[in-house]
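# Working through the structure, step by step
Given next are the chains, with one letter for each unit.
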Amino acid sequence: MDALSGAGPRRARGLGAAGPGSSCRAARPPAPWARFSAWLECVCVVTFDLELGQALELVYPNDFRLTDKEKSSICYLSFPDSHSGCLGDTQFSFRMRQCGGQRSPWHANDRHYHSRAPVALQREPAHYFGYVYFRQVKDSSVKRGYFQKSLVLVSRLPFVQLFQALLSLIAPEYFDKLAPCLEAVCSEIDQWPVPMPGQTLNLPVMGVVVQVHIPSRVDKSESSPPKQRDQENLLPAPMVLASVHELDLFRCFRPVLTHVQTLWELMLLGEPLLVLAPSPDVSSEMVLALTSCLQPLRFCCDFRPYFTIHDSEFKEFTTRTQAPPNVVLGVTNPFFIKTLQHWPHILRVGEPKMSGDLPKQVKLKKPSRLKTLDTKPGLYTAYTAYLHRDKALLKRLLKGVQKKRPSDVQSALLRRHLLELTQSFIIPLEHYMASLMPLQKSITPWKTPPQIRPFSQDDFLRSLEHAGPQLTCILKGDWLGLYRRFFKSPHFDGWYRQRHKEMALKLEALHLEAICEANIETWMKDKSEVEVVDLVLKLREKLVRAQGHQLPVKEATLQRAQLYIETVIGSLPKDLQAVLCPP
């Protein structure tokens, strides 16, 4: 099927194992393609073969292994289906499940990156993103009369804007010069610094410097388009990307602006949603825009920006023997309307119209109005929104259209509205969750720290009367009903697990600080050797976790903990010291 046959083991990442006889402490050279792997998994070229159909022509680096199922998925997802009729160049994205189970961590900076990156920008542990540049042009030298080829960047990072910008530089050149050009580009990417949250990076490729800022958790959400950052006198002048991941939200949502809040609620509740669009670019942008609505919350459900009937998960998603899965599915084949007409929510969008006026808004329609053939644009759902529509927002956006306000300013306005809506919803949950944390004075050095109290939905709902979303949001509606339904969604489960984990780590860090502030010599006076050794082992375990950035503690606390361990070991007999500190 392609240059790589078989599914073999995946390429080793990061630092290679030391060879026989080598010293454990010797500096190890970075593995081949280590920096490339910080950004991309591989680059694929998919072509149309008259006998085979879509075929994987090339995978680079050529030692990267994909399973047969992954190869098949990449081939089908990299080409628009026949209903799209895409002529010329088309760029879109897809997301597919990794078939070989979760990857093993490849890079020492993985944990470091995740601890600083916003949750929405963390690396996918079990899915690949595919960023596609597809070209279909007439070519009389080809049997079918058309040149059809896709260049695909496969990554675990959701940097859609960066990778699509990269493709717009690489792909036209590659289609002219082929493999040598691709090899040179991959070598350039292998020289890039690794993505580090909070940093502005200059990334040279094909004679252009792409300047990007990698967002971090501490960045303030920008409500206006980001300003160009320091160019460091670069020549040639860099191509500055406003964002590595944020789409033009206003352009994506133009046909559904009147239903943005309903769609936000559907996303918040993790409802199954089918998006039927005329082409993969419209489909993938709409799905990615919808899943970005909940920031800063992590989107915990599955989503597929572009999906075809050939996908290995087609049966899983279309079965009628169980409830529809919690997934946002972007498709272009009208066949899905018939197959998934039992889904509770279907959004049909038409061809994008980029004229100055606001396009005709899709209407809210009952599912019974859904026709399997020639379905008109609309949001087909029986769902009734819990919150009232924000008419002031719609007026501001419409006024912006009339005044020909730039799309990026309109997008910033829309993004800020959705961010404030999500924050108004989540702040009462955060406040209640914080109240479940044990008081700091109850954490004593020599006792197991107290437990985080359980989350009571009834207690939380009672707290809304004096600390609810009405304090930060002017929208009226059935907030209680929305919270009750949210409790049953994957997003509540995902949010609660993450917050509980963070609080447990904070509790552990406070306990470590309490131990380091105590007088350890006084404690040791009446303790047996077994109790002292037990303390050493527990302190060491906490220290290892803290040094691995898992516990939020200061450097001074780590140094004191290390000093305590040395002090305690020094008080033990020589034979026990030898066991605890082997030479």
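Keep in mind it's a predicted model, so treat the numbers as computed, not measured.

### Comments concerning the side chain of H417
As for its placement among the helices and strands, H417 is situated in helix α12 (residues 407-435). Residues contacting H417, with those up to four places away along its chain left out, are Q261, D390 and L393.

### Let's talk about the layout of surface pockets
Of the volumes computed, that of the second largest pocket is approximately 750 Å³. What lines the second largest pocket is a set of 31 residues, among which P255, V349, G350, E351 and P352 lie closest to the centre. Looking at the lining of the second largest pocket, the elements that each hand over two or more residues are β3 (88-97), α4 (160-177), α6 (249-253), α8 (280-291) and β13 (363-365). Take the lining of the second largest pocket: its biggest share by element is 6 residues, from α8. When the residues that make up the lining of the second largest pocket are grouped by side-chain class, the tally is 14 nonpolar, 7 polar and 10 charged. Per-domain counts for the lining of the second largest pocket show at least three residues from each of domain 1 (34-191) and domain 2 (250-496).

### Examining the environment of G477
Tracing the chain through its elements places G477 in the loop between α13 (457-467) and α14 (479-486). With 89 residues separating them along the chain, G477 and H388 place their C-alpha atoms 5.5 Å apart. Ignoring anything within four residues of it in the chain, the contact list for G477 reads Y386, L387 and H388.

### Considering empty space enclosed by the protein
Inspection of the entire model under this criterion finds 5 cavities of 30 Å³ or more. What the largest cavity holds in volume is close to 60 Å³. Looking at the largest cavity, the residues that line it are L257, T258, H259, V260, Q261, R389, D390, L393, L394 and H417. Those elements that provide at least two residues to the lining of the largest cavity are α7 (260-268) and α11 (391-402). For the lining of the largest cavity, the per-class residue count stands at 4 nonpolar, 4 polar and 2 charged.

### Quick word on the sheet that holds β13
Strands sit in the order β10-β11-β9-β12-β14-β13 across an open sheet of 6 strands; the sheet is mixed. The two strands at the open ends of the sheet, each matched to only one other strand, are β10 (302-304) and β13. Averaged over all neighbouring strand pairs, the angle between strand axes comes to 15°, with direction disregarded. As paired strands, strand β9 (residues 273-276) and strand β12 (residues 345-348) are joined by 3 bridges and run parallel to one another. When the bridges of β12 are listed, L276 appears paired with R348. Relative to the sheet, α8 contacts β9, β10, β11 (327-331) and β12, its axis offset from that of β11 by approximately 160°.

Conventions and cut-offs
- Residues numbered from 1 in each chain as written.
- Predicted model: local features only at pLDDT ≥ 70, side-chain atom pairs only at ≥ 80, totals over all residues.
- Heavy atoms only, no water.
- Helix = DSSP H or I, 4+ residues; strand = E, 2+ residues; numbered from the N terminus.
- Contact = heavy atoms within 4.5 Å.
- 1 Å grid on protein atoms, 1.4 Å probe; cavity = no way out; pocket = protein on both sides within 12 Å on 5 of 7 lines; lining within 4 Å.
- Points joined across faces, edges and corners; volume = space filled by probe spheres on them.
- Nonpolar A, V, L, I, M, F, W, Y, C, P; charged D, E, K, R; others polar.
- Domains from an automatic or database assignment.
- Pairing = 2+ DSSP bridges.
- Axes fitted to C-alpha atoms, helices over the stretch in contact; angles between N-to-C directions.

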